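Each chain, written out:
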Amino acid sequence: FGIHALLVVTLTLSPVTAAAQSENDVTGEDVYPPLWHLAPENLLDFPVKDNKIVISAWNYQDRLGVYKSLLSASAKYFDAFGSQNSGNILWGLPVQHGWQFRTGRLADPSGVTSCGYENGELLCQSVRSWWSCMNYYLSIIPFLGAVEAGLFGQLPYEIEILPPEEQKDDFCYSVKDCWSRMPKLMDDWKAFFEYLLSTEHKAVSSASLSSFKLDDALGLMWKAHTSSIAYALPKFQDSLKYLSDPEANFGEDWANAVDFIAATHFSTDLQTTNHFQVFLPQKMLVEGDVPPSISDFSPEQNKVLVSLRVLHKVNKLTGGLLLKLWQKAMSTEAGRKKGRELIESLTSS
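Figured I'd write up the structure that's included with this text. (Residues numbered from 1 in each chain as written. Predicted model: local features only at pLDDT ≥ 70, side-chain atom pairs only at ≥ 80, totals over all residues. Heavy atoms only, no water.)

**Some details on the packing of aromatic side chains**
- For the coordinates displayed, the defined rule picks out 22 aromatic pairs.
- With centroids separated by 6.2 Å and ring planes inclined at 85°, the aromatic side chains of tryptophan 99 and phenylalanine 250 adopt a geometry described as edge-to-face. Highlighted residues: tryptophan 99 in helix 3 (residues 92-102) and phenylalanine 250 in helix 9 (residues 245-263), separated in sequence by 151 residues.
- Residue phenylalanine 250 is classed as buried on the basis of its relative accessible area, which comes to 2%.
- With a centroid separation of 5.0 Å and 85° between ring planes, the pair formed by tryptophan 130 and tryptophan 131 is classed as edge-to-face. For the residue pair tryptophan 130 and tryptophan 131, the accessibility class agrees, reading buried in each case.
- The structure contains a cluster of three or more aromatic residues connected by ring pairs, namely Trp58, Tyr136, Tyr137, Phe171, Tyr231 and Phe236.
- The ring of tryptophan 58 is capped by arginine 63, whose NZ or CZ atom sits 4.9 Å from the centre of that ring. (Phe/Tyr/Trp six-rings, centres within 6.5 Å; stacked < 30°, edge-to-face > 60°. Helix = DSSP H or I, 4+ residues; strand = E, 2+ residues; numbered from the N terminus. Buried < 20%, exposed > 50% of the residue type's maximum accessible area, 1.4 Å probe, protein only. Lys NZ or Arg CZ within 6 Å of the ring centre and 35° of its normal.)

Laid out in structure tokens, this is it:
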């Protein structure tokens, strides 16, 4: 059964062909999330009130600023992996968030408010958006974990995250608040940033960051990433009701697929993330969208949707055994290399 299951994974992770490659000739500004150049780069670029740095997590630009400050503060650890911080594995988070913004996934899906719409409050992120709520746990929580780990050094002010207008209990708003509510999650993100910081201390004697091991860093980052999704998924189950059935299915399929990708320690640098994001749906799915026959999607995007659905269904039918078998196959560095090569080979000839 194990071999059969891994074959299923191979099939379901193999939807893309070289035909789609031309879609991804992204250069220059296109590789960055929308409005990236306008986002605050430094924590002290955010407003300070009552001796606190105040961040509005329900504003797209502020959330981008959180990512930008993380990338900026961690840049020196990734110098060896690409120029201009392009090899930083934290790029996957803001690039994915930019895709959510560009495709309308952060707007109010209930239509009750104008939050997130061009003719309303474009930069508003709706607390009714399943994607926006899930992303809170992949932006604010990593950020506060980094603050606690000391990535930003000794800050002159505390951090305060502004709450949304509803569902306030579903989120936490400061380092102390998050530690008391979700210690395991904060600990996973803190461990990743502490690993980066520890390589700097070791490097003082060797005059280089040679002690930095990318596979280890990716392992810690993906562990925290999947913890965030696992924690948030049951919390925002009710938010799926605002979405069309095809979009809700896609959201859950996406969350399931992350576990399979994470097991390979897949690199989430700027170029790789942009390359693979081309195969995701570039608009919200609506009722009547049935892959592989969605007319305004490319054949490759249609195939990805079908593949993610099959992967999720088979994993569910086996009670999660498929994922366990895949994780076992990916438990060595050689296995993970093969897993990554498999995913990468599927987008080339």
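**Some details on the nonpolar core**
- Counting residues in each nonpolar core, the largest one holds 98 residues, and the members touching the most others are Phe143, Ile161 and Phe193.
- Summarising the domain contributions, this core has at least three residues from each of domain 1 (33-200 + 210-241) and domain 2 (243-348).
- The residues touching phenylalanine 193, leaving out its near neighbours within four places in the chain, are Leu70, Leu90, Pro142, Gly145, Ala146, Ala149 and Leu151. (Core = buried A, V, L, I, M, F, W, Y, C linked by side-chain atoms within 4.5 Å. Domains from an automatic or database assignment. Contact = heavy atoms within 4.5 Å.)

**Some words on helix 5 (residues 140-149)**
- Taking burial as the measure, the ten residues of helix 5 include nine buried ones, the bulk of the element.
- By the burial criterion, the buried members of helix 5 are Ile140, Ile141, Pro142, Phe143, Leu144, Gly145, Ala146, Val147 and Ala149.
- At the C-terminal side of helix 5, glycine 150 shows a positive phi close to 100°.

**Observations concerning the pairing of strand 2 (residues 52-56)**
- Alignment of strand 1 (residues 48-49) against strand 2, held across two bridges, turns out to be antiparallel. If you follow lysine 49 over to strand 2, its bridge partner there is lysine 52.
- Linkage of strand 1 to strand 2, two consecutive antiparallel strands, is achieved through a turn of two residues, within which aspartate 50 is found at a positive phi near 50°.
- Relative to strand 3 (residues 158-162), strand 2 runs parallel, the two being bridged by five bridges. Each bridged residue has a counterpart across the sheet, and for serine 56 the counterpart in strand 3 is leucine 162. (Pairing = 2+ DSSP bridges.)

**What to know about the side chain of glutamine 96**
- With respect to the secondary-structure elements, glutamine 96 resides in helix 3.
- Residues within four places of glutamine 96 in sequence aside, it is in contact with Trp254, Gln277 and Leu280.

**Concerning the packing of helix 9 against helix 12 (residues 321-329)**
- Between helix 9 and helix 12, the shortest axis-to-axis distance is 9 Å and the interhelical angle comes to 15°. As the angle between them shows, helix 9 and helix 12 are arranged roughly parallel. The element helix 9 and its partner helix 12 pack so that their crossing is right-handed. Of the residues in helix 12, those in contact with Asp259, Phe260 and Ala263 of helix 9 are Leu322, Leu323, Trp326 and Gln327.
- For the contact of helix 9 with helix 12, the residue count by class is five nonpolar, one polar and one charged. (Axes fitted to C-alpha atoms, helices over the stretch in contact; angles between N-to-C directions. Parallel < 35°, antiparallel > 145°, perpendicular 65-115°, else oblique. Left-handed = near helix turned anticlockwise from the far one by under 90°. Nonpolar A, V, L, I, M, F, W, Y, C, P; charged D, E, K, R; others polar.)

**Describing the sheet that holds strand 1**
- Judged by pairing direction, the sheet is mixed, and its three strands sit side by side in the order 1-2-3 without closing on themselves. Looking at the sheet topology across the chains shown, the edges are occupied by strand 1 and strand 3.
- On the sheet, helix 5 packs against strand 2 and strand 3 and is oriented at approximately 170° with respect to strand 3.

**Examining the state of the cysteines**
- Following the criterion strictly, the structure yields two disulfides and no others.
- Note on cysteine connectivity: cysteine 115 is disulfide-linked to cysteine 124, with sulfurs 1.9 Å apart. Across the disulfide from cysteine 115 to cysteine 124, rotation about the S-S bond amounts to roughly -90°, and the bridge is consequently left-handed. Summarising the burial analysis for this pair, cysteine 115 and cysteine 124 share the class buried.
- The disulfide bridge from cysteine 172 ends at cysteine 178, spanning 1.9 Å between sulfur atoms. In this structure the cystine formed by cysteine 172 and cysteine 178 twists about its S-S bond by roughly 95°; its chirality is therefore right-handed. Per residue, the accessibility class of cysteine 172 equals that of cysteine 178, and both read buried. (Disulfide = S-S within 2.5 Å.)

**Some remarks on helix 10 (residues 270-277)**
- Along helix 10, seven of the eight residues are buried, which leaves the element largely enclosed by surrounding structure.
- Those residues of helix 10 that sit buried are Leu270, Thr272, Thr273, Asn274, His275, Phe276 and Gln277.
- The N-capping residue of helix 10, defined by a side-chain oxygen 3.2 Å from the backbone nitrogen of glutamine 271, is aspartate 269. (Polar contact = N/O pair within 3.5 Å; in protein donor to acceptor, adjacent residues only side chain to side chain.)

**Observations concerning the pattern of salt bridges**
- Going through the model one piece at a time under the given rule, you end up with eleven salt bridges.
- Here glutamate 341 ties to lysine 337 by a salt bridge, and the two come within 2.9 Å at their closest N and O atoms. Note that glutamate 341 and lysine 337 are positioned in helix 13 (residues 333-345) at a spacing of four residues, about one turn of the helix.
- Given the relative accessible area of 39%, glutamate 341 is considered partly exposed.
- Classification of lysine 337 as partly exposed rests on a relative accessible area of 46%.
- By sharing partners, the salt bridges in this structure join Lys184, Asp188 and Lys223 into a single network. (Salt bridge = Lys/Arg side-chain N within 4 Å of Asp/Glu carboxyl O.)

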